[in-house]
Each structure stands twice: as structure tokens, then as C-alpha cells.
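Descriptive structure summary
Below are the chains, spelled out letter by letter.
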Amino acid sequence: MNEKAKETDARRVRISLGASRFSNWTYAILFLIVDIVGVAILQWAVTISSSRVALSSPLIGLWGFISTMWTDRRFVFILNLIVLGLVYGIILFITNRFWVASPIFIIGCTVVGIIEHMKVISRYETVLPSDMDFLHSDAGTVATFLPAGSQWTILWAVVALLVLVGLCIFINHMDLRRGRVLTVKSRALNATGRIAGILVSGLILTLFSIAVGTVGTWANTTAKFMGDIPSMWDSVYDAQRNGTLIAFLRQLNPKVMDEPSGYSEATMKRIAKRYEAEANSINASRKNYENDSSVIYILSESFSDPTRVPGLSINQDPMPKIRAIKQKTTSGLMLSSGYGGGTANLEFQALTGLSMANFDSSLTSPYQQLIPSLSWTPSVNQSWSSKNAVAFHPYESSMYSRSTVYKKFGFSNFYTLEKPDVIKYQNKLDNSPYVSDESAYKSALEEIQSTKSNQFVQIVTMQNHMPYNNWYANNQFQVSASSGSAALGSDEATAIDTYAKGMSYTDSSTQALLDSLNKLSKPVTVVFYGDHLPGIYTTAGADSSNAIALHETDYFIWSNKASATYNNKISNSSYTSPNFFSAQSAEYMDAKVSPYTAFLTEMHAKVSAMEPPVVNQIQGWDRIPAGQTIYLDSSGNPMDARKFDKKTKQLVQDYKLIQYDITAGKHYLKGTGFMKTPTAKSDATKAAAQKLAAEKAAAKKKADVATAPSSSPSQSQSTSNTTSGK
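Here's a quick rundown of the structure.

Moving on, we come to helix α4 (residues 76–95). Owing to its 3.6 residues per turn, the α-helix brings residues three or four apart onto one side. Helix length check: α4, at 20 residues, gives a terminal C-alpha distance of 29 Å against a target of 28 Å (1.5 Å per residue), a fit within 8%. For α4, a buried count of 14 out of 20 residues is recorded, marking the element as mostly surrounded by other parts of the structure. Of the residues flanking the end of α4, it is asparagine 96, one or two places downstream, whose phi is positive at about 55°.

Structure (C-alpha cells):
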């Protein structure tokens, strides 16, 4: 019996057992079902029953993700189906076997889903594009990140996949087409169709993945149209809300900034040389070194004087102590890019000296979209040794990917509400869900008191975070509309009353912290600032003319009595933005600066504050608002960039070149010493080297004189005769 006859007999047997020839419609329906299963697996990966702390973001399960189609007219479920379907389609065209491609696709989704789920459980953070480097780790390193009980999840997944493979083998046997999607008899046409399918699917997937994170592209516009609402503050919530796949792809290739004109290695070397000369000029008159003191950056959540909000009247001053502190030391108003949100962006600017105004509008969260993938991340804390750089935040370490970012910045410890570094004090005020500022301060103060070494300490508070739901008992604060202003809504008034009470607690706690620091024998300087106003001023926010007023927070720079610059007041401090804090604090401390800080010092002398365009709405994460960059002069008045003088225009251009080189360029500045802040040790080494060089030069000169040939008698006589002849 020949092979063809055997195949015919086998087919008759399969038909007798119920086998049939699957139609194209059957494959289409099964394709959709398998695709839905793939999306479901990825959404399961980011679905958890609860978080380790009370989150302001609600947890969303698979059904909640799907049901937004009819509850909110958001079709991100469909968008994830389409994009994941492209992946599935590529596998299908490669194999041309439905019952081979489907288990491969599901196995791939399951592997990715388990990895995602393990990271979410262990760190409350989704897989980021920067995590791809993790794939190069050895098995032992990977195993250390598996949460307890993970082996059971893996075991059940393996069992389920084995069952799936067995089922697909059985169905393939019963399918008379053997899962062939393309059944054209011509091998050439069959191959052409498969190649076309692979190329078209691959091209669409690649173009979408590259462009979805960039504002204004077809992919980004499509995602927004389908209901994508980026939620960058919380990667898990973002994945739950918009789909695991879309949330990942959005961070795959964000546009950082356009390459400034003239960018080259030669240009960057000229810039480094220019500001090295400026640093030398500044340092000639400065006596101190930055890391000979401890420096504390305090980002006070939503701290801003509510009495400055247009149209408001409050029955009592919520911040009398800080107001008095501001009058005695360097202080003023800080222009903020955020309103009701955007904390990490202000923090990023303060720690790096870079400005959000220079970035592309697509880059809405550098902590998540930029820092994890950078190989060079200079920040202000790096003037101190890594072991002496610590951070405190009484909340989740994964929020805004801070745990990843702080590690890249060089912080040795990051104390939060979760292991391994758990913040010591976690008291809350009345019914507030957040740890009090007093507890955050107390935890940091004990760390500062525990060592004689000078430190850089980063404190990010949570007490005054939204929402403001009448948390506090015996709240004496009452807000009302000022004379001639529009009346406040009851919910708005309640929120402002609650916020004002929280402000008063911060006011007292901050004064107590400074009193404790004053008792220390080592010098300490504090940079205190509010990140943004709370997003509760609905009435004032309705008036677009209040845009600047609703983006100005309070700040001050203060040193304890052990410091040489106690109660120092520097010029040009009335207005600033967080990117200038490192330059201002160095000036306040009379500390020597790096060429980079010298640049920021010059920039701040010309432009007191700068931020991207702002709106009176709670911070969104799909893009930076459209419009012109805001520049303020030393009196807080807006500046027209078109009327900048030649020096200011050069500084603005240099800023873009410097920022591009660090964040998106080739790091030409990295080896130039541009970021190197002088220390007593480095200056002593430099002075010793200069002295040695001078001694060698003097010795060489002396040796040259000693070995020079003396004049011969005949030469002397000739010279004498010539002179006599004259």
C-alpha cells in the first residue's frame, strides 16, 4: 500500500471518529478566543488582591478592564487585543499551523505573565523596558527575586500548559486541515502569502511600538482615541487601567528631546571649558566645600501657602512658623510644573539640575521613561559618598519607580513602608491614611544623629497627599470666598479646610525638626520646598489668569547654628525653580562648585525660574501641556524668550546641549570633569600636583641654565672690538 493510500485510510478513520475540516471562520473565531486568553493572562499578571499600603489608585481586575468599554467608553481592551493579535499573527504566519502557533503563543504569554506577576507581587512594580537587561542575569540571581510560594504558581502553569499542548495535539489530529491557515496548492503563492503576513504584521507592530510613546504620532493618537490614559505614578495601576502590553510599549521608546543644533564632541568640550573657567572664578572667592556639611532636601508633599490662592480667605494662618523661618533666611516662591500631581518631576529637577522645560512633551515622567535606561545619571547627592546618601519616603518604594531611580543615583538606603529598609516611625494623624511628617522627620533625624559623617538626606513626605476627606478632629480652620470672589462649593471648602489643618501640622513638625538640627554639632543645611499645590482649588482654577499663582509653592534654604552660613540670605532668591536648588544651596553655603553648578548659577542669574507650560488641572501623564516655556525674572514676572539678550540666549542653548548630552546624547561631558564638585581632598591633591609641577619646572629651568655653554675668548674679543667700532 502506497503512502497516499495510507493517508486516505487514516483520514477515513479520523472522519469516522468525528474529525472534520475546520473552516476559515472557525479559525477566525478560535484566533479571537486565543487572543483574548493571551490578554487575560497578561492582565492576571498585574491583578492583585491588595497592596502593601493604602493606595490612592483603585485596584482594577480583568472584568473592570473589559467593562470600561460600556461604562467609560474606553476601548483599551480592544487595543490590547489588536496589538497582541499582531504578535499572534506573526507566529501563525511563520508556522502556518494553527495548532502549533496557538500553544506557542499561550506559552509565551504565560511565561511573560508569570515574570510580570512575580515582580508585581515582590516589588509592586511592573516589568519595564530597562528590565530586559535582567534577562542576561544568571539563574541564581533571577531566583532571588522570586516571592515565597512562587514555585506553586510555576508548577500549576506548567501543568496547565502541558494540558493545553496535549489538547492542541488532539485537535490537530481531528482537524483534517491539520491547522493549515494558508492552503494554496502553489508553494510559491503559499510562501509569498506567509512572508507578506509576517512583514505586514511585523511592520505594523514595530511602527506602533516605536511611536506610541511619542505625542502627535499616529500610534499615540490611536491609543488615546481608544481610551489610553497614562497613569505614570503607579506602573501597576497603569497596566491594570490601560493594559499590560500598552503600558509597557508606551515606555519602550519615548521621545526624550530633539537634538539641539550644533551638538558635537567639539561643542561639548567648548562648553565644558567655558564653565570650568566660570567655576574657577566663582571658587576663587568661596571658602567652603559642599560635602563638609550635611545637606537635607525636604520635598513637602503639596506644601504651598493657601492664603496666596486668589479668591480665598482663611480664618487662621496655617503656617506661621515656616513664615517666620522664611523671613530670617534665604527663601521665596518656587515655580512648579505640576498642579495636584507631578511630584516626581519636581524631585527629578531638584536632584539633577535638569529642567522639564527642555524635554519633549512626550516625556512626562523621567523617573520611569528615562532614568532606568540611562548609563550615566549625575545627581546632587553624588558629591557625598554613596554610603552617606540616604532617602526617606513613608509610602511604597515602587511609586514613580523611586527604588530603581535612587539606586541609579547612588543612594545606599531608601527607607519606605516596605522591606528591606523599613522606615522606623509610621504614626498617622487622626483618620488620615498617610504617615505624618513628624514621623518622617523623626526617622530621618535618628539617621542623621547616628553618625558623625556628613550626609546627603532626601526626604519625600506623604502627610498632605490627596485626597482631603475631613481627616482631622477638632479642625479649627475655615475657608471662605474673599470679598467679591465666587462662592466655594461645599466639597471644595471641606477639602481646603482639611488641607489647611494638615499644613499646620507640617508647620509645627518642620520647626521642631530645625530645632533638633540646631542642637547638632555638625553643620547641616536644609532645602525645603513644596512640590505643587493640591488640586483642590476648583474655583480659582476656573480662571486661567491664575495659572502662575496656582503653580507657585514655598521654599527656603536654612542652616543650623553649627554652620558658618547660619541665617544667610543670598541675592536673587525671591523666585526659583527646583532645577536651580543645587546652585542656590552652594551659594548659600559659600561652597565651591563644579562647572555644571557654575553653569546653573549663571543661568539662574539671568532666568530666576523656568518650567514647561502649565494648566490649572491635576497633573496628567499623556503629555506636557502645549504652549511656550515659562520663564520668570527675579521679580516673578514672565519673560519673553524672543527678547532675551545674547548672553541669556547662549545660556538657554547651552542648557539644551548639556541636557541632551546627559539624557539622549553620547555623554561627551562624562569624562571632562564637568560634574566634579571640588572637595577639600581634591583641592589638596590638585594643589600638591601644581606645587610639584612648579618645582619640576623650576628645577628644569635651573638645570638648563647650569648646562648652557659659556662664551669663548675669541667670541668675547670679537664682541669687544665690535662695540669699540661703534
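After that view, the rundown keeps rolling.
Let's shift gears to the packing of aromatic side chains. If you walk through the whole model with that rule in mind, you get 32 aromatic pairs. Relative to phenylalanine 411, the ring of tyrosine 406 lies with its centre 5.0 Å away and its plane at 45°, an arrangement referred to as tilted. The pair formed by tyrosine 406 and phenylalanine 411 is uniform in burial state, with each residue classed as buried. Chaining the aromatic ring pairs together yields one cluster made of Phe22, Tyr27, Phe31, Tyr88, Phe98, Trp99 and Phe105.

To continue, consider a nonpolar patch on the surface. Together, Trp152, Leu155, Trp156, Val159 and Val163 make up an exposed nonpolar region whose accessible area comes to about 570 Å². Residue class for leucine 155 comes out partly exposed when judged on its relative accessible area of 43%.

Taken as a whole and assessed by the stated rule, the structure comprises 16 salt bridges. The partner of glutamate 265 in a salt bridge is lysine 269, with the nearest N and O atoms 3.4 Å apart. Here the residue glutamate 265 and the residue lysine 269 both occupy positions in helix α12 (residues 265–283), the gap between them amounting to 4 residues, near one helical turn. Two residues, aspartate 554 and lysine 326, come together in a salt bridge whose shortest N-O distance is 2.6 Å. Placement of aspartate 554 in strand β9 (residues 552–559) and of lysine 326 in helix α13 (residues 320–328) is noted, with a sequence separation of 228 residues between them. The exposure class of lysine 326 is buried, given its relative accessible area of 14%. Salt bridges sharing common partners tie together Asp228, Asp238 and Arg250.

Another point: the pairing of strand β3 (residues 330–335). β3 sits mainly inside the fold: 6 of its 6 residues count as buried. Examined bridge by bridge, β3 and β9 share 6 bridges and lie antiparallel to one another. Bridge assignment links glycine 332 to a residue of β9, and that residue is tyrosine 555. With 2 bridges connecting them, β3 and strand β10 (residues 575–576) associate as parallel partners. Bridge pairing in β10 links leucine 333 to tyrosine 575.

What follows concerns helix α14 (residues 343–352). Of all the 10 residues making up α14, 10 are buried; the element is thus mostly covered by neighbouring parts of the structure. Taken residue by residue, α14 has Thr343, Ala344, Asn345, Leu346, Glu347, Phe348, Gln349, Ala350, Leu351 and Thr352 as its buried positions.

With that settled, the discussion passes to the packing of helix α8 (residues 187–211) against helix α9 (residues 218–225). It is the contact of α8 with α9, at a shortest axis distance of 7 Å, that shows an interaxial angle of 85°. Classified by the angle between their axes, α8 and α9 sit roughly perpendicular to one another. Residues Ile204, Leu207, Phe208 and Ala211 of α8 touch α9, and the partners they reach there are Trp218, Ala219 and Asn220. Grouping the amino acids of the contact of α8 with α9 by side-chain chemistry returns 6 nonpolar, 1 polar and no charged.

So, about the pairing of strand β8 (residues 524–530). In terms of burial, β8 is largely enclosed, as 7 of its 7 residues are buried. Both faces of β8 are covered, namely the face carrying Val524, Val526, Phe528 and Gly530 and the face carrying Thr525, Val527 and Tyr529. The sheet contact formed by strand β1 (residues 294–300) and β8 spans 7 bridges and is parallel. Bridge pairing in β8 places isoleucine 296 opposite valine 526. Both β8 and β9 contribute to a ladder of 5 bridges, which runs antiparallel. Note on β9: the bridge partner recorded for tyrosine 529 is tyrosine 555.

The next thing to look at is unusual backbone geometry. The residue after lysine 419, namely proline 420, is reached through a cis peptide bond having omega 10°. Along the chain, proline 420 turns up in the loop between β5 (413–415) and α17 (437–449). Its identity as a non-glycine residue notwithstanding, serine 401 has a phi of 55°, on the positive side. Along the chain, serine 401 falls in the loop between β4 (389–392) and α16 (402–409).

Judged by nonpolar contacts, the single largest core of 77 residues is most densely connected at Tyr297, Tyr367, Tyr406, Met603 and Ile658. Among the elements that make up this core, the one with the highest residue count is helix α22 (residues 646–663) (7 residues). For tyrosine 367, the residues in contact, after removing those within four places along its chain, are Ala344, Glu347, Phe348, Leu351, Pro372, Tyr400, Ser401, Arg402, Val405, Tyr406 and Phe409. Residues Ile314, Val457, Tyr468 and Val526 belong to the second largest nonpolar core, which totals 43 residues.

Thresholds applied
Residues numbered from 1 in each chain as written. Predicted model: local features only at pLDDT ≥ 70, side-chain atom pairs only at ≥ 80, totals over all residues. Heavy atoms only, no water. Helix = DSSP H or I, 4+ residues; strand = E, 2+ residues; numbered from the N terminus. Expected span 1.5 Å × (residues − 1). Buried < 20%, exposed > 50% of the residue type's maximum accessible area, 1.4 Å probe, protein only. Phe/Tyr/Trp six-rings, centres within 6.5 Å; stacked < 30°, edge-to-face > 60°. Patch = residues over 30% accessible without salt bridge, like charges linked within 9 Å, V, L, I, M, F, W, Y side chains within 5 Å. Areas by Shrake-Rupley, 256 points an atom, 1.4 Å probe, with all protein chains shown as cover. Salt bridge = Lys/Arg side-chain N within 4 Å of Asp/Glu carboxyl O. Pairing = 2+ DSSP bridges. Axes fitted to C-alpha atoms, helices over the stretch in contact; angles between N-to-C directions. Parallel < 35°, antiparallel > 145°, perpendicular 65-115°, else oblique. Contact = heavy atoms within 4.5 Å. Nonpolar A, V, L, I, M, F, W, Y, C, P; charged D, E, K, R; others polar. Core = buried A, V, L, I, M, F, W, Y, C linked by side-chain atoms within 4.5 Å.

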